[in-house]
Amino acid sequence: VVSSQIGIVATQYAGIKTQVPCNFDNLNVLVGVCHCLLPLLAIPLTFILIPNKKMTDSIITPEEDLQTGSSGYDDESADEGIRDIRDTELGMLTEPLNSPKAE
């Protein structure tokens, strides 16, 4: 819905008319801007909008968390959960695949 509204405003701003008398003089400029230049804008914006952190790092530092209030996320319990998963995965890897299990 939003993209349709932006397209309507852009065609009106470019002076494109689809009713008699039609005028498509600025259509090539509008297509060039909307399909070439605006998507290229996403490349530098990724460096500005995406934080320079690993996916496992916390975006909010503990000092910022104290200023804004508790987020309800406990890093230590999350690390324990990750360790539990890793331990079970390692146990599965060290077990022989085709060995008969003792009953």
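Figured I'd write up the structure that's included with this text. (Residues numbered from 1 in each chain as written. Predicted model: local features only at pLDDT ≥ 70, side-chain atom pairs only at ≥ 80, totals over all residues. Heavy atoms only, no water.)

## Things to note about the overall build of the chain
Now for step 1: A count of helices and strands for the chain gives five helices and zero strands.
Now for step 2: When each of the 103 residues of the chain is scored for burial, the buried share is 3%.
Now for step 3: Summed over all atoms, the accessible surface of the chain reaches about 9800 Å², with 62% contributed by carbon and sulfur. (Helix = DSSP H or I, 4+ residues; strand = E, 2+ residues; numbered from the N terminus. Buried < 20%, exposed > 50% of the residue type's maximum accessible area, 1.4 Å probe, protein only. Areas by Shrake-Rupley, 256 points an atom, 1.4 Å probe, with all protein chains shown as cover.)

## Concerning helix 1 (residues 2-14)
Now for step 1: In this model, helix 1 (13 residues) spans 18 Å end to end at C-alpha, consistent with the 18 Å of a helix rising 1.5 Å per residue.
Now for step 2: Following helix 1 by one or two positions, Gly15 has its phi on the positive side, about 80 degrees. (Expected span 1.5 Å × (residues − 1).)

## Quick notes on a nonpolar patch on the surface
Now for step 1: On the surface, a cluster of nonpolar side chains totalling about 1200 Å² of accessible area is made up of Val29, Val33, Leu37, Leu38, Leu40, Leu41, Ile43, Leu45, Phe47, Ile48, Leu49 and Ile50.
Now for step 2: Of all elements in the fold, only helix 2 (27-40) and helix 3 (42-49) reach the threshold of two or more residues within the nonpolar patch.
Now for step 3: By the element assignment, Leu45 lies in helix 3. (Patch = residues over 30% accessible without salt bridge, like charges linked within 9 Å, V, L, I, M, F, W, Y side chains within 5 Å. Salt bridge = Lys/Arg side-chain N within 4 Å of Asp/Glu carboxyl O.)

## With respect to unusual backbone geometry
Now for step 1: The omega torsion of the bond from Val20 to Pro21 falls at -5 degrees, within 30 degrees of zero and hence cis.
Now for step 2: Looking at where Pro21 falls in the secondary structure, it is placed in the loop between helix 1 and helix 2.

## Brief notes about the packing of helix 2 against helix 3
Now for step 1: Relative orientation of the contacting elements helix 2 and helix 3 amounts to 30 degrees, with a least axis distance of 5 Å. By the angle between their directions, the pair helix 2 and helix 3 is classed as roughly parallel. Taking contact as the criterion, the partners of Leu38, Pro39 and Leu40 in helix 2 are, on helix 3, Ala42, Ile43 and Pro44.
Now for step 2: When its residues are assigned to classes, the contact of helix 2 with helix 3 shows six nonpolar, no polar and no charged. (Axes fitted to C-alpha atoms, helices over the stretch in contact; angles between N-to-C directions. Parallel < 35°, antiparallel > 145°, perpendicular 65-115°, else oblique. Contact = heavy atoms within 4.5 Å. Nonpolar A, V, L, I, M, F, W, Y, C, P; charged D, E, K, R; others polar.)

## Topic: the state of the cysteines
Where two cysteines share a covalent bond between their sulfur atoms, that bond is called a disulfide.
Now for step 1: Enumeration according to the criterion identifies zero disulfides in this entry.
Now for step 2: In this structure Cys34 is not part of a disulfide, and its nearest cysteine sulfur, from Cys36, lies 9.8 Å away.
Now for step 3: Looking at Cys34, the relative accessible area reads 34%, which means it is partly exposed. (Disulfide = S-S within 2.5 Å.)

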